[in-house]
Amino acid sequence: MRIGELAQASAVSRDTLRFYEQRGLIAAQRSANGYRDYPVDMVQLVQYIKTAQRLGFTLGEIGNSVAAIGQSPDPDSAITQLLQDKLKLIETRIDELGALRQELQQRLGQRCPLNP
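Because the structure is predicted, anything quoted here is derived from the model rather than measured.

Trainee: Summarise the packing of aromatic side chains; cite the residues concerned and give the values.
Mentor: What the rule picks out here adds up to 0 aromatic pairs. The lysine or arginine in question, Lys86, covers the ring of Phe57, its NZ or CZ lying 5.1 Å from the ring centre.

The following block contains the structure:
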């Protein structure tokens, strides 16, 4: 499948696919004329990448997870674990931001809010 076909099938731009390839997230074979040639299952990988981005994963995290999931005997469990780990990280950040918010609100009531 050529880059235009993959772009249409996965609902991303050609530039996005080139970017993913630069980052090592996807790979294409090159035909004799230099065109990129992607396997059909690349659509699923690109959709995984887009979904993971939407869920807050960085491209670095996605790149690391693609290799781990590909080597896992149970990919569904591996993905579930990734989601659980991300959720724990988000919950920790929410708690930290809540504490920061509370401290900022307390400081607003002080005469000089930046005094320790």
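From this point, things continue past the structure.
Trainee: Tell me what's going on with the nonpolar core, and back it up with residues and numbers.
Mentor: In terms of nonpolar packing, the biggest core is built from 18 residues, with Leu17, Ile26 and Val46 touching the most fellow members. Listing elements by their share of this core, those giving two or more residues are helix H1 (3-10), helix H2 (14-22), helix H3 (42-54) and helix H4 (59-71). The element best represented in this core is H3, accounting for 5 residues. Setting aside anything within four residues of it in sequence, one finds Ile26 in contact with Leu17, Tyr20, Glu21, Tyr38, Met42, Leu45, Val46 and Ile49.

Trainee: If you had to explain the layout of surface pockets to someone new, which residues and values would you point to?
Mentor: Here the largest pocket defines a volume of roughly 240 Å³. Top element by residues in the lining of the largest pocket is H3. It accounts for 4 residues. Along the lines of polarity and charge, the residues of the lining of the largest pocket split into 5 nonpolar, 3 polar and 1 charged.

Trainee: Account for the packing of H4 against helix H5 (residues 75-108), naming residues and giving values.
Mentor: Viewed as axis vectors pointing N to C, H4 and H5 meet at an angle of 150°, and their least axial separation amounts to 10 Å. Classified by the interaxial angle, the pair formed by H4 and H5 is roughly antiparallel. Viewed along their axes, H4 and H5 form a crossing whose handedness is right-handed. Residues Glu61, Ser65 and Ile69 of H4 form the contact with H5, whose own contacting residues are Pro75, Ala78, Ile79, Leu82 and Lys86.

Trainee: Provide a residue-level description of H3, including the pertinent values.
Mentor: Its 13 residues give H3 an end-to-end C-alpha distance of 18 Å, which sits within 8% of 18 Å, the value for a rise of 1.5 Å per residue. Listed as buried for H3 are Met42, Val43, Val46, Ile49 and Ala52. Residues of H3 that are buried sit in contact with H1, H2 and H4. Count one or two residues on from H3 and you reach Gly56, which has phi positive near 100°.

Trainee: Go over the pattern of salt bridges with me, naming the residues and quoting the values.
Mentor: By the definition in use, this model includes 4 salt bridges. We note a salt bridge from Arg107 to Glu103, for which the minimum N-O separation is 3.1 Å. Here Arg107 pairs with Glu103, and both are found in helix H5, just 4 residues apart, close to one helical turn. Look at Arg107 and you get partly exposed, because its relative accessible area is 21%.

Trainee: If you had to explain the environment of Gly70 to someone new, which residues and values would you point to?
Mentor: Tracing the sequence through the fold places Gly70 in helix H4. Placed 42 residues apart in sequence, Gly70 and Cys112 show a C-alpha to C-alpha distance of 55 Å.

Trainee: Give a detailed account of the side chain of Ser10, specifying residues and quantitative values.
Mentor: Within the secondary structure layout, Ser10 lies in helix H1. Ignoring any residue separated from it by four or fewer positions in sequence, one finds Ser10 in contact with Val43, Val46 and Gln47.

About the thresholds
Residues numbered from 1 in each chain as written. Predicted model: local features only at pLDDT ≥ 70, side-chain atom pairs only at ≥ 80, totals over all residues. Heavy atoms only, no water. Phe/Tyr/Trp six-rings, centres within 6.5 Å; stacked < 30°, edge-to-face > 60°. Lys NZ or Arg CZ within 6 Å of the ring centre and 35° of its normal. Core = buried A, V, L, I, M, F, W, Y, C linked by side-chain atoms within 4.5 Å. Buried < 20%, exposed > 50% of the residue type's maximum accessible area, 1.4 Å probe, protein only. Helix = DSSP H or I, 4+ residues; strand = E, 2+ residues; numbered from the N terminus. Contact = heavy atoms within 4.5 Å. 1 Å grid on protein atoms, 1.4 Å probe; cavity = no way out; pocket = protein on both sides within 12 Å on 5 of 7 lines; lining within 4 Å. Points joined across faces, edges and corners; volume = space filled by probe spheres on them. Nonpolar A, V, L, I, M, F, W, Y, C, P; charged D, E, K, R; others polar. Axes fitted to C-alpha atoms, helices over the stretch in contact; angles between N-to-C directions. Parallel < 35°, antiparallel > 145°, perpendicular 65-115°, else oblique. Left-handed = near helix turned anticlockwise from the far one by under 90°. Expected span 1.5 Å × (residues − 1). Salt bridge = Lys/Arg side-chain N within 4 Å of Asp/Glu carboxyl O.

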